[in-house]
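Here is what each chain is made of, one letter per residue.
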Amino acid sequence: MEVNQDYGLPCGRELETVWENLDEVDEHQLDCVHCRTARESLLALRAATQELIDEPDPTPPDLVGRIMSAVRAEVRRGQMLDLPAAEPGSVEVSEQAVAVVLRYAADSAGNVRARRVRVRKVGVDSSGAAQVEVELTLTTRLGNTSGADTLARVRELVSAAASSRVGISLVSLDLLVEDVYEDGE
């Protein structure tokens, strides 16, 4: 089976190299989190493929669901962001996890609710933390007469959460108010 040769892992190894040595783990693969993760995914793929080969009919009812769950989970997770680490090695967090933390911070400002949070990596700062741009779409409470103060509070809380709770460097934060809600909605 040929694997896309253009897919390099963050450690510098090609995915094809991991595939070719799937049954023969070398020292690098034992120590490298990226190679181990890729190897586990490839082993799961090989096992699922073998299951299809061994049992051509009928297909197990949960096989497609299991495969699609794995695919959806990978897509939802988004890109991984590097965090600064005090110890040698690396720490990563998914864009999805960052979005959840930032959404919670925005919701805690009062008079607004976060709708969508888009996190996009744009670089890495000198400490090793990911630099990100964030677009946060909000809905505001009907009758909120302190809109500017509310948005300033959202900006303050989201910026603080990005640096202190997650450990990423916020390069830009775009706040978009797109709707109004009434209490009880």
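Residues numbered from 1 in each chain as written. Predicted model: local features only at pLDDT ≥ 70, side-chain atom pairs only at ≥ 80, totals over all residues. Heavy atoms only, no water.

### Brief notes about the pattern of salt bridges
Note that side chains of opposite charge can pair when their charged atoms are close. Taken as a whole and assessed by the stated rule, the structure comprises eight salt bridges. As a salt-bridge pair, D179 and R115 come within 2.8 Å of each other at their nearest N and O atoms. On the criterion of sequence distance, the pair formed by D179 in strand β5 (residues 169-181) and R115 in strand β3 (residues 112-124) is long-range, its members being 64 residues apart. On the accessibility criterion, D179 (33% relative accessible area) is partly exposed. The network of salt bridges with common partners includes R115, R116, E178 and D179. (Salt bridge = Lys/Arg side-chain N within 4 Å of Asp/Glu carboxyl O. Helix = DSSP H or I, 4+ residues; strand = E, 2+ residues; numbered from the N terminus. Buried < 20%, exposed > 50% of the residue type's maximum accessible area, 1.4 Å probe, protein only.)

### Comments concerning the nonpolar core
One finds V98, L102, V119, L136, V154, V158 and I168 to be the most contacted residues of the largest nonpolar core, which totals 26 residues. Mapped by element, the contributors of at least two residues to this core are β1 (80-83), α5 (95-107), β3, β4 (130-141), α6 (147-166) and β5. A total of six residues in this core trace back to one element, the largest contributor, which is α6. Core analysis: the next-biggest nonpolar cluster, separate from the first, contains nine residues, V18, W19, C32 and L42 among them. (Core = buried A, V, L, I, M, F, W, Y, C linked by side-chain atoms within 4.5 Å.)

### A word on the sheet that holds β3
Taken in spatial order, the three strands line up as β3-β4-β5 in an open sheet, and their pairing is mixed. One side of each edge strand has no neighbouring strand; the edge strands of this open sheet are β3 and β5. Strand-to-strand twist across the sheet, computed as the mean angle between neighbouring axes with direction ignored, equals 15°. Of the pairings in the sheet, the one linking β3 to β4 comprises 11 bridges and is antiparallel in character. Looking across to β4, one finds that K121 is bridged to V132. Contacts between α5 and the sheet are confined to β3 and β4, with β3 contributing the most and set at about 135° to the helix. Set on the sheet, α6 makes contact with β3, β4 and β5; between it and β5 the angle comes to about 140°. (Pairing = 2+ DSSP bridges. Axes fitted to C-alpha atoms, helices over the stretch in contact; angles between N-to-C directions. Contact = heavy atoms within 4.5 Å.)

It is worth stressing that arrangement in space is one thing and function is another; only the former is reported here.
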